[in-house]
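Chain by chain, the residues:
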Amino acid sequence: MHFGKMQRSGQGSGGGIQSRVQNDTASDFATPDTSLLTGPVPDAAGPAAGPSPGPAAGPAATTCWLLALVIIAATTAVRWWFVASHQLDLVQDEAQYWDWTRTLQLSYYSKGPLIAWLIKAGTLLLGDTEQGVRVGAVAGSLAMQLLLWFGVAVGFRRPRAALWTLVAANTTPLFMASAVLMTTDNPLLVCWLAALFCLHRAAWARRDTPWLAALGVCMALGVLAKYMMLAFPGVAALYVLALWRAGALRPGFVRRLFAALGLGAVVGFLPILVWNALNGFVGFRHVAGQAGLAEPQRAFWRLDKAGEYFGGQVGLLTPWWLVFLLIGAVRALGGWLAPRRRAGALGAERAAQEWLLAAGFWPVWAFFAVWCFHTRIYANWAAVSYAAGLILAGTAFARLWERCGRWRKVWPALGLAVFVALHLQNWLPLPAEYNPATRLKGWSDLGRQIDALAEEGFDDPARVFHFSEAYGTTAELSFYTAGKNRAYCADFGRRRNQYDLWPGPQDKVGWDAVFVRKGTDQYLPPLDEMFERVEKIEYQTTHRGGPGRSFTIWLCHDFNGRWPAQHGQDF
């Protein structure tokens, strides 16, 4: 590959590389947004060069900033409208996390405590409502967009790539779902994105202490959100390895970096460790079981779940953005494998952006791509790899936009169609069986129906408790029935969950109850051993005039106090 006239200085005391490139290379990162700067892109002067200046004022720069502002403001407004207008009932995980907020703890059975703390803050502000639960999701999506824009447009000095990154993020189902559903992926992605940019700036700032302190905070909060954050030091190690191989790593940085990451990990992990020690380490045993580490007798290589996983990745990103992501990721991987050559071609700091994104995407994504052949991997487990991946997709598409003609407009148009379809799915002319959102609907209607049945079918509705055998259904009953009294989760042969750590209804002898299962025409659980008499009702819910999930409801009379004991040790 031919590079234009290049001038390179030797390594200084910081080990940096200085270079100036007069023409473009084949890499996405080799095409600087020079039209958006007040002159050519300045080369990195080594790790001690200090923070790079942001894009200066100018017609093109102003256009990018205005478009970014419109995208961020408009998508945030649409998301808040979606939440406030009750377009979708709480999904089961959201309801469970809300139920956790009523017993605030250092950690919980399947996740760290941050999700419960954030939802608690939202409900203190807006009450125990869908808006109160989900306001944190909308705020988190706003934070992610701001991080993407300022991190790429200002930190990387690539406003066009930043603009297309915003477009890609806002038109992928992964980001759209995490922007309105308050699940653990939302705060985790915020922490992971912020950590990526803090890591990069710490490596290049004259004073790295503020950036390393911020990185430690991101690490602590990320661990409190989800255990996956513990993989970030591996990403940092791969990034500094590329810096070292390129001669762009200043003395002492590795020690300071991993001290900050280690301190952050300890601060974040300590409450989780304490809680697990007090609860039989059930959280760690749950994670081991989910990861397929608790079944040594099973064959390692299995093919039955791989198709589901890879299909899920296509669904999370859409086929076109996944293609652009992989194009950008392959080019970034090439830069990471040959860091000195890339630094000589692009300048060390520009090349380091590529190394950062390669390190941020490939390890996590490749691990789950391999591990899905061993056990079932849920599609969202690789979500953190898409923090860097969306930037790679935006960068690759920015290059395509400059080179292609009319076909370049197809992909953003498709993305816009997906955005509109997901936020207006209640009006799509789709049969219920073909609308994936149908299975998420009907919980509020179910709650109203149960309240009505309790009023009509029992002598004293105040002495009626609700229960299920699935944690998600239990949580939905807690949220959507009158009074929001905590429901119970019976073990009729299921995996353990958070409700097993809380008291059951053994003190409610003589009470009546409502038992609920998803679906209809199901076998009768051993309710007759617990109650004097039971009645079965099949119920089809509705949501905004359309069909929701179907349920089987049992009206159970006169509880005798027999509550099923925990079965087995399936975590």
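Predicted, not measured: the structure shown is a model, and the values here were computed from it.

Take the overall build of the protein chain next. Scanning the protein chain for helices and strands turns up 19 helices and seven strands. For the protein chain, with 571 residues in total, the buried portion stands at 55%. Within the protein chain, residue pairs in contact and separated by at least 24 positions form 77% of the contacts whose partners lie at least 6 positions apart. About 23,200 Å² of surface is accessible on the protein chain, with carbon and sulfur atoms providing 63% of the total.

This brings us to empty space enclosed by the protein. One water molecule sets the probe size; rolling that probe over the atoms shows where empty space is left. Evaluation of the coordinates by the stated rule reveals one cavity of 30 Å³ or more. One number sums up the size of the largest cavity: a volume of about 80 Å³. For the largest cavity, the full set of lining residues is Met144, Leu148, Leu174, Phe175, Leu189, Leu193, Ala383, Tyr386, Ala387 and Leu390. The biggest single contributor to the lining of the largest cavity is helix 16 (residues 385–403), with three residues. Within the lining of the largest cavity, the residues separate by chemical class into ten nonpolar, no polar and no charged.

So, about the side chain of His557. Within the fold, His557 resides in strand 7 (residues 546–559). Here Glu535 takes part through its side chain, which lies 2.8 Å from a polar atom of the side chain of His557. The contact partners of His557, leaving out residues within four places of it in the chain, are Gly457, Phe458, Asp512, Phe531, Glu532, Arg533 and Glu535.

This part takes up the pattern of salt bridges. Tallied over the full model, the rule gives 15 salt bridges. Two residues, Arg517 and Glu469, come together in a salt bridge whose shortest N-O distance is 2.3 Å. Linking Arg517 in strand 5 (residues 512–518) with Glu469 in the loop between strand 3 (464–468) and helix 19 (471–480), this pair joins segments that are 48 residues apart in sequence. Of the two residues, Arg517 and Glu469, both sit in the buried class. Where salt bridges share partners, they join Asp99, Arg102 and Arg486 into one cluster.

Moving on to the pairing of strand 5. Every regular strand shows the same layout, with side chains that alternate between the two sheet faces. By the criterion of burial, strand 5 is predominantly enclosed, with six of the seven residues buried. As paired elements, strand 3 and strand 5 share four bridges and run parallel to each other. Counted as the bridge partner of Phe465 is Ala513 from strand 5. By the bridge criterion, six bridges tie strand 5 to strand 7 in an arrangement that is antiparallel. Looking across to strand 7, one finds that Ala513 is bridged to Cys556.

Topologically, Gln498 is positioned in the loop between strand 4 (488–489) and strand 5. When sequence neighbours within four positions are dropped, the list of residues in contact with Gln498 reads Gln96, Trp100, Gln105, Tyr108, Tyr109 and Trp275.

Attention shifts here to the packing of aromatic side chains. Applying the stated criterion to the full structure yields 42 aromatic pairs. Between the aromatic rings of Phe397 and Trp401, the centroid separation amounts to 6.0 Å while the plane-to-plane angle is 45 degrees, which identifies the pairing as tilted. Of the two residues, Phe397 and Trp401 are both situated in helix 16; the distance of four residues between them amounts to about one turn of the helix. Judged by relative accessible area, which is 0%, Phe397 ranks as buried. Among the aromatic residues, those joined into a ring-pair cluster are Phe465, Phe467, Tyr488, Phe492, Phe515, Phe531, Trp554, Phe559 and Trp563. Taking the ring centre of Trp502 as reference, the NZ or CZ of Arg486 above it sits at 3.9 Å.

Most often, soluble globular proteins keep nonpolar side chains buried together rather than apart. The biggest cluster of nonpolar side chains holds 112 residues, and the ones touching the most others in it are Phe232, Tyr239 and Trp355. The contact partners of Trp355, leaving out residues within four places of it in the chain, are Tyr239, Ala242, Leu243, Ala246, Gly335, Trp336, Pro339, Arg342, Ala343 and Ala348. If you look at the next biggest cluster of nonpolar residues, it comprises 33 residues, including Val133, Ile450, Val516 and Ile553.

The strand order across the open sheet built from five strands is 4-3-5-7-6, with neighbouring strands paired in mixed fashion. Both outer strands of the open sheet, strand 4 and strand 6 (531–543), are each paired with one neighbouring strand and no more. By the bridge criterion, eleven bridges tie strand 6 to strand 7 in an arrangement that is antiparallel. From the neighbouring strand, His543 faces strand 7, where its bridge partner is Gly546. With respect to the sheet, helix 18 (residues 443–457) is in contact with strand 3, strand 5, strand 6 and strand 7, its orientation differing from that of strand 7 by roughly 30 degrees.

On to helix 14 (residues 339–346). The element helix 14 is extensively covered by neighbouring structure, given that six of its eight residues are classed as buried. Within the sequence span of helix 14, burial applies to Pro339, Arg342, Ala343, Gly344, Ala345 and Leu346. Residue Gly347 follows helix 14 closely and has a positive phi angle near 100 degrees.

So, about the environment of Met229. If you trace the backbone, Met229 turns up in the loop between helix 8 (209–225) and helix 9 (232–245). Among the residues examined, Met229 registers a relative accessible area of 0% and is labelled buried. The spacing of Met229 and Gly268 is 39 residues in sequence and 9.8 Å in space, taken between C-alpha atoms.

Here is what the cut-offs are and how they apply
- Residues numbered from 1 in each chain as written.
- Predicted model: local features only at pLDDT ≥ 70, side-chain atom pairs only at ≥ 80, totals over all residues.
- Heavy atoms only, no water.
- Helix = DSSP H or I, 4+ residues; strand = E, 2+ residues; numbered from the N terminus.
- Buried < 20%, exposed > 50% of the residue type's maximum accessible area, 1.4 Å probe, protein only.
- Contact = heavy atoms within 4.5 Å.
- Areas by Shrake-Rupley, 256 points an atom, 1.4 Å probe, with all protein chains shown as cover.
- 1 Å grid on protein atoms, 1.4 Å probe; cavity = no way out; pocket = protein on both sides within 12 Å on 5 of 7 lines; lining within 4 Å.
- Points joined across faces, edges and corners; volume = space filled by probe spheres on them.
- Nonpolar A, V, L, I, M, F, W, Y, C, P; charged D, E, K, R; others polar.
- Polar contact = N/O pair within 3.5 Å; in protein donor to acceptor, adjacent residues only side chain to side chain.
- Salt bridge = Lys/Arg side-chain N within 4 Å of Asp/Glu carboxyl O.
- Pairing = 2+ DSSP bridges.
- Phe/Tyr/Trp six-rings, centres within 6.5 Å; stacked < 30°, edge-to-face > 60°.
- Lys NZ or Arg CZ within 6 Å of the ring centre and 35° of its normal.
- Core = buried A, V, L, I, M, F, W, Y, C linked by side-chain atoms within 4.5 Å.
- Axes fitted to C-alpha atoms, helices over the stretch in contact; angles between N-to-C directions.

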